[in-house]
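Structure assessment
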Amino acid sequence: MAFRYCEVALPVPLRSTFTYAVPASLAGECLVGRRLVVPFGRRAMVGVGIAESETAPADRFASPIKEIATVMDAIPALTPNLLALGQWISRYYAAPIGETMRAMLPPEIELRHERDYTLTDAGCAYLSDLVSTSERTDAERTELEILRSLERATLRRKRIDAATAERLVRLGYLAGHEVLRDRKKRTQKIVAWNSSTENDLSAGATPAERRVREILTAERGPLPLPLLLEQANVSRSVVARLEKTGLLRTWDEALTAAEDPWDTDFTPPSNVLNAEQSEALGEIWRWLLDGSFTAGLLHGVTGSGKTEVYLGAVAAALSRGKSAIVLVPEIALTLWVGRLVRARFREGVAVLHSGLADIERAREWWRVRRGEARVVVGTRSAVFAPLENLGLIIVDEEQESAYKQEETPRYHARDTAVYRARLENAIALLGSATPSLETYHNARAGKYRLLRLASRVGNRPLAEVRIVDLREDFRVHHRAAPISEALRQAISMRLAEKTQTMVLINRRGYSWSLLCRSCGAFVQCQNCSIALTYHKARRRLECHYCGYVARPPKQCPKCGAEFMYFVGDGAERVEEYLRETFPAARIARLDRDTVRTKREYQKVLGAFARCELDILVGTQMVAKGHDFQRVTLVGVLAADLALGRPDFRAAERTFQLLTQVAGRAGRGELSGEVLVETYYPEHYAIQLATQQDYLSFFEKEAHFRRVLHYPPFTALAAILVRDRKIESAIRWSRALAGYFAPFEKRGVKILGPAAAPLARLRRDYRFQFILKSPQRSALGQALGGCLDFCAAHEIPPTAVIIDVDSCNLS
């Protein structure tokens, strides 16, 4: 009988796969692409089968090969093309293959991780000693209870005192084992009116009972119990009483996502395509008919109707029997885009993003895998949606850095989408009003096809943009308010006209930082080299990187002086100032401090869309993707904030943000105006953003990039070395500097090592290298050898982070 072996990728920070024997119970089963439960050390782990073989590894006699414990899926979770995509990501982004595959898999809702304990021989001897001792401490009595229990059976962690058990493990009296167990299916109680009963509500029924009957019969039908209690505004006792009399019947159902009221009774706008949109859609049709891989850029000004082209392209793909993915940069935008796509294509749409609960995300993921949904809307992780017969991948707002994953595997969803489209012989359509320089450079070079939408829908004019020079504003008014006098007057005019205003301030909190006016020190985070942000509503200072919080000190922690001063205005302060200045106005704020759930986000945006709000203050969450017809004024505060960051993309990001937010004004029949407040009005990024002149900005910025050897004219990677001990981080950085030095002669420019712009983060000291090369192959050789060098010199794999095509150099 021939033995079979399977290479399994496990979610550990190692570059290799692991070989397991296939048990006889799985004979004839194809394991490639399926989730497998395997023993790993003293615990069980879930991995994915990569390849099968009848040949054992060369060193098979060094240690016995363990068998696969079980298979989780009836069908492979990952298709062959997704396996190939994962292997490409692992090579290109220098990421461990197991962690790459984990990012592509659905949540493990079927299993739960637990820790079991068994008694060792040393534990049996210790138990005998405890039993024979008449006087025991409280700790020893707890130990005795645990050890006596373990004489009879293996115990789970949740049934005993975990801290005591772990101490006994360290002493050798217990053995701890990580195990995976089946998770009980979560259910919910469904309530329905019992129409089969001859009885009905009596004449003396209470108003609460009548509301329950009305909702369950005339309005909604059967409902989950929590939803019924909320909508009828009744207590559980009312439902229990009606159930006892036979008027209600109940049953348990598997828990699924509740119906989203945001989608209920929504009718999408019916827009007729103009000539430019029709021409662009016609070209996409020709690409689909050709049936081969094509990458295209849809470059359209804000308000030009790119979304309608996307919807038409999805319809075209579906009509050809293909499936489609629509990627958006932020979870917030999945609500609006998903709403439009669902309204057009109904139940054939799935939404995937990390903001969903695990059970909901797994349900949607398996709907896609089983072919029940042929269109997927989601954020960057949706690029791994397990669609068969994929024909189209749309990447909306492709320039957004949110498409870059900031943890392993550090893939860029835009570039991953293009590579997946190549594997699937599909269309990759990238869309933006302000494309990244890399994408537009590829379009100009002929690598991508270029489609243009040069005018707004209905030939509406672009909003008029005015620069407010804050230096001049201070000279005239001799005060520094959260908003300029020009913007205050403009808001007052819109309130009189009963139109709406959006105010963008890309800073959370009330004040940026707390400064000592005596010694000049900022109050800093204890874990990071960053000043803490003041949040007035919570009356505390917060670090937005690690979550550290502290009360605002009355005295300087450094010099003891009492002259503490809050510096800079954030979104919370701007909202407060507007409420004080315009007390009759209806004002709301949209940022991560005010909206943390999908429902809260929908509530604020829905109110603004229904004109129930006059002014909306927000961070960059309000800057893109939204279409509000009565917004006639957009104010941009601290427009030059990003220009001071140590990043070669600072000017590009400033231009993109200003252009995008300017596009929120004047999208309906009313004309729009944008006021941009800045202390640096001469900067070309601000000047060209006010003119919304992308081509001139591209030419100017591309010139600087070419001269300074930055993307898109070179390949770039950032290497970060980190450790809790600064001595270790320095020693490893010096060792890597010696490794990288010879690559200077092979066309790789090495910058560093130097302290990272954020020199300490979450208690880790950080040092950085920047590698640049006009040849990606030379850069790849340097990075591949770097990992081998670290392994040979005992540099921990978690201490070195390789970020290929880095979007954040801080």
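Rules used throughout
Residues numbered from 1 in each chain as written. Predicted model: local features only at pLDDT ≥ 70, side-chain atom pairs only at ≥ 80, totals over all residues. Heavy atoms only, no water. Helix = DSSP H or I, 4+ residues; strand = E, 2+ residues; numbered from the N terminus. Buried < 20%, exposed > 50% of the residue type's maximum accessible area, 1.4 Å probe, protein only. Areas by Shrake-Rupley, 256 points an atom, 1.4 Å probe, with all protein chains shown as cover. Phe/Tyr/Trp six-rings, centres within 6.5 Å; stacked < 30°, edge-to-face > 60°. Lys NZ or Arg CZ within 6 Å of the ring centre and 35° of its normal. pLDDT = per-residue confidence, 0-100. Contact = heavy atoms within 4.5 Å. Pairing = 2+ DSSP bridges. Axes fitted to C-alpha atoms, helices over the stretch in contact; angles between N-to-C directions. Salt bridge = Lys/Arg side-chain N within 4 Å of Asp/Glu carboxyl O.

What follows deals with the overall build of the chain. Helix and strand content of the chain: 23 helices and 33 strands. Among the 810 residues that make up the chain, the fraction classed as buried is 52%. Just so you have it, the chain exposes about 38000 Å², and 50% of that area is on carbon and sulfur atoms.

Moving on, we come to the packing of aromatic side chains. Here the structure, examined in full by the defined rule, presents 21 aromatic pairs. The interplanar angle of 50 degrees and the centroid separation of 5.7 Å between the aromatic rings of Tyr-684 and Phe-704 together place this pair among those described as tilted. With Tyr-684 in helix 20 (residues 684-691) and Phe-704 in helix 21 (residues 694-708), this residue pair connects regions lying 20 residues apart in the sequence. Of the residues examined, Phe-704 reaches a relative accessible area of 36% and is grouped as partly exposed. By the ring-pair criterion, three or more aromatic residues cluster together here, those being Tyr-440, Phe-655, Tyr-684, Tyr-694, Phe-697, Phe-698 and Phe-704. We note Lys-700 situated over the ring of Tyr-684; from NZ or CZ to the ring centre the distance is 5.7 Å. The ring of Phe-743 has Arg-746 sitting right over it, with the charged end atom 4.5 Å from the ring centre.

Scored by pLDDT, the chain has a mean of 87; 90% of the residues are at 70 or more. Looking across the chain, the model is least confident in strand 7 (residues 155-156), with a mean pLDDT of 48, and most confident in helix 13 (residues 413-424), with 98. Below pLDDT 50 for its whole length, residues 256-265 participates in 18 contacts with residues either more than four positions away or in separate chains.

Read from one edge of the open sheet, four strands run 31-32-30-33, paired in antiparallel fashion. Whereas interior strands pair on both sides, the edge strands pair on one side only; in this sheet they are strand 31 (749-761) and strand 33 (800-804). Pairwise comparison of adjacent strand axes, ignoring direction, gives a mean angle of 20 degrees for this sheet. Each of strand 30 (715-723), strand 31, strand 32 (764-773) and strand 33 touches helix 22 (residues 726-740); the most contacted strand, strand 32, lies at about 15 degrees to it.

Our next topic: the pattern of salt bridges. Taken as a whole and assessed by the stated rule, the structure comprises 42 salt bridges. Between Arg-15 and Asp-788 there is a salt bridge whose closest N-O contact spans 2.8 Å. With Arg-15 in the loop between strand 1 (5-9) and strand 2 (18-21) and Asp-788 in helix 23 (residues 776-792), this pair connects stretches of sequence that are 773 residues apart. Assessed through its relative accessible area of 48%, Arg-15 is described here as partly exposed. Taking the shortest distance from any N to any O, the salt bridge between Glu-308 and Arg-344 comes out at 3.5 Å. A residue pair is termed long-range when its members are at least 10 positions apart, and Glu-308 in helix 10 (residues 306-319) and Arg-344 in helix 11 (residues 331-345) qualify at 36 residues. Through salt bridges that share partners, Arg-508, Arg-538, Arg-540, Glu-542 and Asp-593 make up one connected network.

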